[in-house]
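Single-letter residue listing:
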Amino acid sequence: MSLVKKQNLSLSSFLTILIFLICSVSFSEETKTFFGKAEVIDGDTIRIKEKKIRLFGIDAPEKKQFCKKDYLNIFIFSFKKNYPCGQISSEKLKKFLNNQIISCKIKNEKDRYKRYLGICYKRNKDINAWLVKNGYAVLYRKYSKKYLNEEVYAKENKLGIWRGPFQMPWVWRKINK
């Protein structure tokens, strides 16, 4: 066999293997994407058509959860009042979505309640990140640290639930359910 034929055969074999590897990686990392108008179930769960989607990497206060915030400061005294932070989280998400079409990139797993886990977008804006950055949800450290910078920002700027004391949603659920 001539040197040129051997090089062509080697190049052909290399390209075949490369294509096979690229295709196998693509198929194994395939993700679903859901599109549609979202119904807000609570601050970290939505429904698109019949599919319930839990927003990945975040945890929002529960609908019946209350947090505290300052309502009066006199010298060194600070008076706090309860407010329905879980309800507000849901309302802010609904207002942000504004009945527009969103897309959700779904992970290849479901949570224990059989909800899809996903990162959702309004246009190109990460909804999960928006909720954390504005203090309507917190980073769900048990599952991801993806939104750590957003949580630090909300905490430093005392946004949303960071305006006063609150129980982390997973702690509140454990005590109240």
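Here we come to the state of the cysteines. In protein structure, a disulfide is the covalent linkage between the sulfur atoms of two cysteines. Taken as a whole and assessed by the stated rule, the structure comprises two disulfides. Here C67 pairs with C85 through a disulfide, and the sulfurs are 2.1 Å apart. The S-S bond linking C67 to C85 shows a torsion near 65 degrees; that makes this disulfide right-handed. Placement of C67 in strand β5 (residues 67-74) and of C85 in helix α2 (residues 85-97) is noted, with a sequence separation of 18 residues between them. A relative accessible area of 1% places C67 in the buried class. Classification of C85 by relative accessible area gives buried; the value is 2%. The side chain of C104 participates in a disulfide bridge whose partner is C120; the two sulfur atoms lie 2.1 Å from each other. On the sign convention where negative means left-handed, the S-S torsion of about 110 degrees between C104 and C120 marks this disulfide as right-handed. With C104 in strand β7 (residues 101-110) and C120 in strand β8 (residues 116-122), this pair connects stretches of sequence that are 16 residues apart.

Bringing the nonpolar core into the picture now. Among the nonpolar cores identified, the biggest contains 29 residues, and I46, I53, L97, I102 and L131 are the most heavily contacted of them. With five residues, helix α3 (residues 127-133) is the single largest residue contributor to this core.

Another point: the pattern of salt bridges. All chains considered together, the criterion is met by seven salt bridges. Residue D44 is joined to R54 by a salt bridge in which the shortest nitrogen-to-oxygen separation is 3.5 Å. Here the residue D44 occupies a position in the loop between β1 (32-42) and β2 (45-48), and R54 occupies one in strand β3 (residues 51-55), the gap between them amounting to ten residues. When sorted by exposure, D44 lands in the same class as R54, which is buried.

If you trace the backbone, K145 turns up in the loop between β10 (138-139) and α4 (148-156). Sequence spacing of K145 and G57 is 88 residues, and the spatial spacing of their C-alpha atoms is 7.1 Å.

What counts, and where the lines are drawn
Residues numbered from 1 in each chain as written. Predicted model: local features only at pLDDT ≥ 70, side-chain atom pairs only at ≥ 80, totals over all residues. Heavy atoms only, no water. Disulfide = S-S within 2.5 Å. Helix = DSSP H or I, 4+ residues; strand = E, 2+ residues; numbered from the N terminus. Buried < 20%, exposed > 50% of the residue type's maximum accessible area, 1.4 Å probe, protein only. Core = buried A, V, L, I, M, F, W, Y, C linked by side-chain atoms within 4.5 Å. Salt bridge = Lys/Arg side-chain N within 4 Å of Asp/Glu carboxyl O.

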